[in-house]
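One letter stands for each residue in the lines below.
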Amino acid sequence: FVFNVNKRPVGCTTVRKSWEGRFQDLLAFKEEYGHTLVHDSYGPLAGWVRNQRDGYRKMKAGKQSAMTAEKALRLTEVGFHFDATRVRAGTNRHEYG
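The shown structure was predicted, so the numbers you read here are calculated from the model rather than taken from an experiment.

Each value, and the rule that gives it
- Residues numbered from 1 in each chain as written.
- Predicted model: local features only at pLDDT ≥ 70, side-chain atom pairs only at ≥ 80, totals over all residues.
- Heavy atoms only, no water.
- Helix = DSSP H or I, 4+ residues; strand = E, 2+ residues; numbered from the N terminus.
- Buried < 20%, exposed > 50% of the residue type's maximum accessible area, 1.4 Å probe, protein only.
- Contact = heavy atoms within 4.5 Å.
- Areas by Shrake-Rupley, 256 points an atom, 1.4 Å probe, with all protein chains shown as cover.
- Phe/Tyr/Trp six-rings, centres within 6.5 Å; stacked < 30°, edge-to-face > 60°.
- Lys NZ or Arg CZ within 6 Å of the ring centre and 35° of its normal.

Here we look at the overall build of the protein
Now for step 1: Within the protein, the secondary structure is distributed over 4 helices and 0 strands.
Now for step 2: N-terminal to C-terminal, the α/β element order of the protein is α-α-α-α.
Now for step 3: Taking all 97 residues of the protein together, the buried fraction comes to 28%.
Now for step 4: Taking all contacts inside the protein whose residues are at least 6 apart in sequence as the whole, residues at least 24 apart take part in 48%.
Now for step 5: Only carbon and sulfur atoms are counted for the fraction: they give 52% of the accessible area of the protein, which is about 7,100 Å².

Dropping the structure here:
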């Protein structure tokens, strides 16, 4: 057995991006689909979006979070919904990337 530090397993294609990198992915998603409601099956961007919503809830509750007021403002400015359940209610699931 050989332990390789900082090496990904064969077949692992997950790319870790910075917050800014994922934010840019969100902007590209919005450009393509016209909204920021990323479906859960949309890969790494979906996980990042979920983390932003969780972080926002924690921040609003006064708990430790990576979410900052600046990040929340930037997300809000591009039309991000921190509570997507109300927005998605009554819409066609296929509308979401």
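Once the structure has been displayed, the description carries forward.
Here's the deal with the packing of aromatic side chains
Now for step 1: Enumeration according to the criterion identifies 7 aromatic pairs in this entry.
Now for step 2: Judged by centre distance (4.9 Å) and plane angle (80°), the ring pair of F29 and Y42 falls under edge-to-face. Taken together, the residues F29 in helix α1 (residues 19–33) and Y42 in the loop between α1 and α2 (44–60) connect sequence positions 13 residues apart.
Now for step 3: A relative accessible area of 30% places Y42 in the partly exposed class.
Now for step 4: Ring geometry for Y33 and Y42: centres 6.1 Å apart, planes at 90°, overall edge-to-face.
Now for step 5: When its relative accessible area of 32% is taken as the criterion, Y33 is described as partly exposed.
Now for step 6: A network of ring pairs unites the aromatic residues W19, F23 and W48 as a single cluster.
Now for step 7: Over the aromatic face of F23 sits the side chain of R74, whose NZ or CZ is 4.4 Å from the ring centroid.

Without other data, these values stay purely geometric and don't point to any function.
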